[in-house]
Amino acid sequence: MNNHLILENFLEVLASEKGLAINTRISYKNDILQFLVFLEKNKKKINEITSIDIEKFVLRFTKQGLEKSTISRKMSAISHFFIFLLEENMIKSNPINELDLPKQIKKLPKILSIDQVEKLIKSSHQDQSINGIRLNTMIEILYATGIRVSELVEMKLSATY
């Protein structure tokens, strides 16, 4: 099977079985396409790849000065791709397991100051339309509970009873 068909099968699995977001799938596709081009230039087949090949691929991005988070995402894409290849019996072992993957630095979330929150709440009280009252309620819930915005928008109206 050619590499691009394998990639398309992999992307279908990411969408249907893993439920990855479309932007993640697009990023993974681009990262793996870069990797496949790298393999073609080095005349390597997927089942011939070693950890050294992967290190050479990643080293290019380090030399280009890419952010560690970008390199980490590329490694994650390749890692998922090799897991897929292993599950599909296209390779016998996963060469990425031989590497020490860089740990992604987790940044603390940015938060609003108390003054900023008070201004936000005060300004949301001024709009007395249905949408304004809804917005004010959402801001108050976020502030009072500390839940994530994604949790708030998923909240059902029946959850307030």
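As a starting point, this report considers the structure included with it. Just so it is clear, the structure is predicted and the values come from calculations on it, not from any experiment.

## Some words on the overall build of the chain
A tally of helices and strands in the chain yields seven helices and zero strands. In the chain, the succession of helices and strands from N to C terminus is α-α-α-α-α-α-α. Scaling as 2.2 N^0.38, a compact globule of 161 residues should have a C-alpha radius of gyration of about 15 Å, whereas the chain reaches 23 Å, well beyond that. Once the C-alpha set of the chain is aligned to its principal axes, its extents read approximately 65 × 35 × 20 Å. For the chain, buried positions account for 28% of its 161 residues. Considering only contacts within the chain whose residues lie at least 6 apart along the sequence, 48% involve residues at least 24 apart. Taken as a whole, the chain presents about 11,900 Å² of accessible surface, with 55% of it coming from carbon and sulfur.

## What to know about helix H4 (residues 68-87)
Compared with an ideal rise of 1.5 Å per residue, which puts 20 residues at 28 Å, H4 spans 28 Å between its outermost C-alpha atoms and is within 8% of the ideal. Of the residues making up H4, those classed as buried are Ile 71, Ser 72, Lys 74, Met 75, Ala 77, Ile 78, Ser 79, Phe 81, Phe 82, Phe 84 and Leu 85. Of the residues flanking the end of H4, it is Asn 89, one or two places downstream, whose phi is positive at about 60°.

## A few points about the pattern of salt bridges
Between side chains of opposite charge, pairing is possible as soon as their charged atoms come close. Taken as a whole and assessed by the stated rule, the structure comprises five salt bridges. The salt bridge partner of Lys 29 is Glu 8, with a shortest N-O separation of 3.8 Å. Of this pair, Lys 29 sits in helix H2 (residues 22-41) while Glu 8 sits in helix H1 (residues 3-18); the two residues are 21 residues apart in sequence, bridging distant segments of the chain. For Lys 29, a relative accessible area of 31% puts it in the partly exposed group. On the accessibility criterion, Glu 8 (34% relative accessible area) is partly exposed. In this structure, the salt-bridge partner of Asp 53 is Lys 44, at a minimum N-O distance of 3.2 Å. A residue is classified by how much of its surface remains accessible, and Asp 53, at 8% relative accessible area, is buried. Given a relative accessible area of 26%, Lys 44 falls into the partly exposed group. What emerges from the salt-bridge pattern is a single network uniting Asp 31, Arg 73 and Lys 74.

## Describing the packing of aromatic side chains
Counted according to the given criterion, the structure contains eight aromatic pairs. A ring pair is formed by Phe 35 and Phe 38, whose centres lie 6.3 Å apart and whose planes are at 20°; its orientation type is stacked. Highlighted residues: Phe 35 and Phe 38, both in helix H2, separated by three residues, approximately one helical turn. One exposure class covers both Phe 35 and Phe 38, and it is buried. What links up through ring pairs into an aromatic cluster is the set Phe 10, Phe 35, Phe 38, Phe 57, Phe 61, Phe 81, Phe 82 and Phe 84. One residue, Arg 60, lies across the ring of Phe 61, its end atom 5.4 Å from the ring centre. Between the NZ or CZ atom of Lys 74 and the centre of the ring of Phe 61, over which it lies, the distance is 4.7 Å.

Rules and cut-offs
- Chains are numbered independently. Their residues run from 1 in the order of the written sequence.
- Note on the predicted model: pLDDT of at least 70 is required for a residue's local features to be given, and 80 or more for side-chain atom pairs to be given and counted; whole-chain, interface and lining totals, by contrast, use all residues.
- Only hydrogens and water are removed before side-chain values are computed, so all heavy atoms of the structure are retained for them.
- By definition, any uninterrupted DSSP run of H or I lasting at least four residues is a helix, any uninterrupted run of E lasting at least two residues is a strand, and each is numbered from the N terminus.
- We compute the radius of gyration over the C-alpha atoms and compare it with the globule rule, which gives 2.2 Å times the number of residues raised to the power 0.38.
- Throughout, exposure labels follow a simple rule: accessible area from a 1.4 Å probe, protein chains only, divided by the maximum for the residue type, with under 20% read as buried, over 50% as exposed, and the rest as partly exposed.
- In what follows, a contact means two residues having at least one pair of non-hydrogen atoms within 4.5 Å.
- All accessibility values rest on the Shrake-Rupley procedure with a 1.4 Å probe; residue burial counts only the protein chains present in the view.
- One less than the residue count of a helix, multiplied by 1.5 Å, gives the span that helix is expected to have.
- Salt bridges, as used here, are contacts in which a Lys or Arg side-chain nitrogen is within 4 Å of a carboxyl oxygen on Asp or Glu.
- In this scheme Phe, Tyr and Trp rings, the latter by its six-membered ring, pair at centre separations within 6.5 Å, and the angle between planes marks the pair as stacked below 30 degrees, edge-to-face above 60, and tilted otherwise.
- Cation placement over rings: the criterion is NZ of Lys or CZ of Arg within 6 Å of the ring centroid and within 35° of the ring normal.

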